[in-house]
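For reference, the chains in residue letters:
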Amino acid sequence: MVDKPSSIHRARYHFSLSKLLFWSLVFLGFIVFFFFRSPPSASPSRRSLRGGAGWENSVRQSATPRYSSSSSSAKARRVLVTGAAGFVGAHVSIALKRRGDGVVGLDNYNKYYDPSLKRARTDLLRREGVFIVEGDINDAVLLRELFRLVKFTHVMHLAAQAGVRYAMKNPASYVHSNIAGLVSLFEVCKSANPQPAIVWASSSSVYGLNSKVPFSEKDRTDQPASLYAATKKAGEEIAHTYNHIYGLSITGLRFFTVYGPWGRPDMAYFFFTKDILKGKQISIFEGPNHSSVARDFTYIDDIVKGCLGALDTAKKSTGSGGKKMGPAQLRVFNLGNTSPVPVSKLVSILEKLLKVKAKKKILPMPSNGDVLFTHANISSATREIGYKPSTDLQTGVIFMNVFSTLTIIDVVVPPVNIATMASSEEVPEKLVTEFCSKTKDPSFCHNFAKGDIQTFLGMETALRTKVLDTAIDITTASKSAFSGALGDKQVTEKEKAAIQQCIGLYTKVEQSLQSSASPSADFIAIGQKLQVAGESLWQCQMDLHSHPNHEAIASLKMVNGLANSFVSYVQSEFYAHYLQLNRKN
Ligand SMILES: O=C(O)[C@H]1O[C@H](OP(=O)(O)OP(=O)(O)OC[C@H]2O[C@@H](n3ccc(=O)[nH]c3=O)[C@H](O)[C@@H]2O)[C@H](O)[C@@H](O)[C@@H]1O
């Protein structure tokens, strides 16, 4: 045997060493790659967010119903809301929580649109006592853990990949959320004991190329025009299967172009407003032979009522331990507004409200999933779940403007627009009634609401567009109205003390606005103090009902109106969002 020269040995040794080094690096690379690529719910740092006594406590606490002692605890609802940080999910969660239901949210905070808006909605929900678990509906381990912690009576499934046109860009995300995610959720629900009743979001888009109007639940839905629609239609069929095999009670809701405060930035009304204010051109689609494209735009508050109606009329699931014990309820309802509005009309409403002429470009509707029109027949939803939409587009858009969350604070429009918006807006009667129904004393509110709404509008617009001078002007005007009432001889010492307190608070607000380019977090603290002052003013107003001097009553009522408008404003969801975004800038 001939010895190999030692140089060869050395060379081989070097070669294997560098090979080892090479493969180690490749291996390390893979580890690093997978570590960073793994979905958020699987990463160790995210996992540590869940589990643990604190987390379990938050889930259980949020899930605990709180009803007045008179209502029956047998009907106690514990609802899991998926997509709770989303537009519809946030509104529905708040409504459920406010009426006393136990609510736990679930959301994956994906980046389809700016997650800071979802975080801002989460802050809002936290203040309402709703805890949102960060996780994906495809994470069956997490879902099972939630069902172990809480015996959910209902699931309000609103998590989905939304948007019609985006399906051309990212088809996989629709399959992941709207099909795989739905199956994952149904799988866990079917095995849960007891099985929850499920209400979930389908879509008007399932009607696709159907041309029979208005769309009835009995009409054909086998011609989807987009992959989005196809995944929602698939969801309806999957629902049928789980109802049939496992006895799950399932209600699908076909939403028709939902809009409103805290809305989605990918929707046309949202980016139209933004672009109109920025002076950017907007594209308005039209159909063949210059026909208009129309949508049955539906206001969020109406949708929320429909969701609650569906939940309250949902019968229990019949299965147990993954086995069907008898036939279960399976329903599908249209939740629309029953009055389609051409997109060009939406744009003219926005132009009128914003007092800015849009730069319009009329384009043929691209064939990327859109349909020409939608129009809901809601007779079945009215009959079965008491659904009665009451908001026309004009009114809804004003509401949206007053309490809006449009992410347009980066836009600076000339102050003249703000002044005109604040002072000259026609406030429809219906809006006043709707607005006052949300206050403590609707008939009293009615006397002042028009002014209040105008004040909201001005204040909100001023802050939204960062024209703080106007915000200061409004604060100063409110303060001087208080001072005026102080001079009234009929005002009692107790009332004077409350008014003085408010004037002091307004002064702080003024200073806060004057001292910085953007209002600081102090503003919220001041707002909370203002709320306390406002509460004591309400008490004064109640005392005044027996006051002999009607003029004094009138002036104090005015003061109360202003105090409350400001208090409501400071508390408004918009402001929280404004601060959130401002911090980011
Ligand atoms: O009803 C539904 O089920 C669907 O409603 C909306 O979808 P869509 O009606 O297309 O809402 P937008 O994207 O806000 O579009 C509204 C209208 O504006 C039109 N449009 C949109 C964008 C644009 O640049 N120009 C334009 O004219 C569209 O053709 C459409 O008629 C939601 O985005 C979907 O997630 C939802 O499922």
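Since we're looking at a predicted model, the values are computed, not measured. (Residues numbered from 1 in each chain as written. Predicted model: local features only at pLDDT ≥ 70, side-chain atom pairs only at ≥ 80, totals over all residues. Heavy atoms only, no water.)

Participant: When you look at the overall build of the chain in this model, what are you seeing that I'm missing?
Facilitator: On a plain count of helices and strands, the chain comes out with 21 helices and 13 strands. Nonlocal contacts in the chain, meaning residues at least 24 apart in sequence, comprise 80% of its contacts between residues at least 6 apart. Of the roughly 26,500 Å² of accessible surface on the chain, a fraction of 59% belongs to carbon and sulfur atoms. (Helix = DSSP H or I, 4+ residues; strand = E, 2+ residues; numbered from the N terminus. Contact = heavy atoms within 4.5 Å. Areas by Shrake-Rupley, 256 points an atom, 1.4 Å probe, with all protein chains shown as cover.)

Participant: When you look at the site of the ligand in this model, what are you seeing that I'm missing?
Facilitator: Near the ligand you find 23 residues, and of these R165, S203, S204, Y228 and S283 are the closest. Contact between the ligand and F285: an oxygen atom at 2.9 Å from a main-chain N or O atom of the residue. Summarising the interface, the protein chains cover 94% of the accessible area of the ligand, which totals 700 Å² for the free molecule. The set of elements that each furnish at least two residues to the shell around the ligand consists of α9 (268-278) and β8 (281-286). Tallied by class, residues from the shell around the ligand come to 13 nonpolar, six polar and four charged. (Near = heavy atom within 4 Å. Polar contact = N/O pair within 3.5 Å; in protein donor to acceptor, adjacent residues only side chain to side chain. Nonpolar A, V, L, I, M, F, W, Y, C, P; charged D, E, K, R; others polar.)

Participant: Is there a simple way to explain the nonpolar core in this structure?
Facilitator: Across soluble globular proteins, nonpolar side chains have a tendency to be buried as a group. One finds V88, V92, M156 and F255 to be the most contacted residues of the largest nonpolar core, which totals 69 residues. Setting aside its immediate chain neighbours within four residues, V88 contacts L158, F255, V258, I300 and I303. V150, A159, L185 and Y242 belong to the second-largest nonpolar core, a separate cluster that totals 31 residues. (Core = buried A, V, L, I, M, F, W, Y, C linked by side-chain atoms within 4.5 Å. Buried < 20%, exposed > 50% of the residue type's maximum accessible area, 1.4 Å probe, protein only.)

Participant: I tried to follow the side chain of N243 on my own but got confused; where do I start?
Facilitator: Checked against the element boundaries, N243 lands in helix α8 (residues 227-246). There is a polar contact of 3.0 Å between the side chain of N243 and the backbone oxygen of Q329. Every residue in contact with N243, bar those within four places of it in the chain, is listed here: L248, I250, K324, A328, Q329 and L330.

Participant: What should I look at first to understand the packing of helix α4 (residues 87-98) against helix α5 (residues 115-127) in this one?
Facilitator: Between two packed helices, both the angle of their axes relative to each other and the distance between the axes serve to describe the pair. The geometry of α4 relative to α5 is characterised by a closest axis approach of 10 Å and an angle of 5° between their N-to-C directions. In this view, α4 runs roughly parallel relative to α5, as classed from their interaxial angle. On α5, the residues touching F87, A90, S93 and I94 of α4 are R121, L124 and L125. Here the contact of α4 with α5 is composed, by residue class, of five nonpolar, one polar and one charged. (Axes fitted to C-alpha atoms, helices over the stretch in contact; angles between N-to-C directions. Parallel < 35°, antiparallel > 145°, perpendicular 65-115°, else oblique.)

Participant: When you look at the packing of aromatic side chains in this model, what are you seeing that I'm missing?
Facilitator: In this description, an aromatic ring pair is defined by two values, namely the gap between the centres and the angle between the planes. Tallying each qualifying case throughout the model produces 16 aromatic pairs. Considering the side-chain rings of F147 and F152, the 5.2 Å spacing of their centres and the 70° angle between planes classify their relative orientation as edge-to-face. Grouping residues by exposure puts F147 and F152 together as buried. Ring plane angle 35° and centroid distance 4.7 Å describe the contact between Y207 and F215, whose orientation is recorded as tilted. Since its relative accessible area comes to 0%, Y207 is described here as buried. Three or more aromatic residues link up through ring pairs in this structure, and these residues are Y112, Y113, Y166, Y174 and Y228. Cation over ring: K118 sits above Y113, and NZ or CZ is 4.6 Å from the ring centre. Its end group placed over the ring of Y109, R119 keeps NZ or CZ at 3.7 Å from the ring centre. (Phe/Tyr/Trp six-rings, centres within 6.5 Å; stacked < 30°, edge-to-face > 60°. Lys NZ or Arg CZ within 6 Å of the ring centre and 35° of its normal.)

Participant: How should the sheet that holds strand β6 (residues 250-255) be read in this particular structure?
Facilitator: Think of a sheet as strands paired side by side through backbone hydrogen bonds, with each pair either parallel or antiparallel. In space, the seven strands of this open sheet follow the order β3-β2-β1-β4-β5-β6-β11, with parallel pairing throughout. Whereas interior strands pair on both sides, the edge strands pair on one side only; in this sheet they are β3 (131-134) and β11 (330-335). Sheet twist, expressed as the mean angle between neighbouring strand axes with direction ignored, is 20°. Sheet analysis places strand β4 (residues 154-157) next to strand β5 (residues 197-203), joined by four bridges and oriented parallel. Looking at β5, one finds that H157 is bridged to W200. Contacts from α8 reach β5, β6 and β11, with the element oriented near 155° to β5. (Pairing = 2+ DSSP bridges.)

Participant: Quick question: what am I supposed to make of α4 here?
Facilitator: It helps to recall that an α-helix has 3.6 residues per turn; residues three or four apart then point in one direction. The terminal C-alpha atoms of α4 lie 17 Å apart, and with twelve residues this matches the ideal 16 Å at 1.5 Å per residue to within 8%. Counting buried residues along α4, ten of its twelve residues qualify, which places the element largely inside the surrounding structure. Residues F87, V88, G89, A90, H91, V92, S93, I94, L96 and K97 constitute the buried set of α4. Phi turns positive, to about 110°, at G100, one or two residues after α4. (Expected span 1.5 Å × (residues − 1).)

Participant: Explain the state of the cysteines to me, please; I cannot follow it from the model alone.
Facilitator: Every disulfide links exactly two cysteines, by a covalent bond between their sulfur atoms. One pass over the full model with this rule turns up zero disulfides. Unpaired in this structure, C189 has its nearest cysteine sulfur neighbour in C307, at a distance of 17 Å. (Disulfide = S-S within 2.5 Å.)

Participant: Is there a simple way to think about the confidence of the model for the chain in this case?
Facilitator: In low-pLDDT regions, the fine details of the predicted coordinates are not to be read closely. Per-residue confidence for the chain averages 76 on the pLDDT scale, and 62% of its residues sit at or above 70. Contacts for the low-pLDDT stretch residues 401-425, under 50 throughout, to residues beyond four places or in other chains number 81 contacts. Reported confidences for the modelled complex are a pTM of 0.72 and an ipTM of 0.98. (pLDDT = per-residue confidence, 0-100.)

Participant: Got a minute to help me understand a nonpolar patch on the surface in this structure?
Facilitator: A cluster of nonpolar residues, V213, L372 and F373, forms a patch on the protein surface that exposes about 220 Å² of accessible area. Inspection of the secondary structure assignment puts V213 in the loop between β5 and α8. Using a relative accessible area of 45% as the deciding quantity, one classes V213 as partly exposed. (Patch = residues over 30% accessible without salt bridge, like charges linked within 9 Å, V, L, I, M, F, W, Y side chains within 5 Å. Salt bridge = Lys/Arg side-chain N within 4 Å of Asp/Glu carboxyl O.)

Participant: Looking at this structure, I do not really get the pattern of salt bridges. What am I missing?
Facilitator: Side chains that carry opposite charge are capable of pairing whenever their charged atoms lie near each other. In the structure shown here, the tally under the stated rule is 21 salt bridges. Between E134 and R119 there is a salt bridge, and its shortest N-O distance comes to 3.3 Å. With a gap of 15 residues between them, E134 in strand β3 and R119 in helix α5 connect regions that are remote in the sequence. Residue R264 pairs with D266 through a salt bridge whose shortest N-O separation is 2.8 Å. Given the relative accessible area of 17%, R264 is considered buried.

Participant: Sorry, what's going on with the pairing of strand β2 (residues 102-107) here?
Facilitator: Note on strand geometry: in a regular strand, side chains alternate between the two faces of the sheet. In terms of burial, β2 is a largely internal element, six of the six residues being buried. Every second residue of β2 is oriented toward a common face, with G102, V104 and L106 on one face and V103, G105 and D107 on the other, all of them buried. Summarising the sheet, strand β1 (residues 78-82) and β2 pair through five bridges and their orientation is parallel. Within the sheet, the bridge partner assigned to R78 lies in β2 and is G102. At this point the chain moves from β1, through α4, to the parallel β2, and the crossover so formed is right-handed. As paired strands, β2 and β3 are joined by four bridges and run parallel to one another. Among the inter-strand pairings, G105 is bridged to a residue of β3, identified as I132. (Right-handed = clockwise from strand over helix to strand, strands pointing away.)

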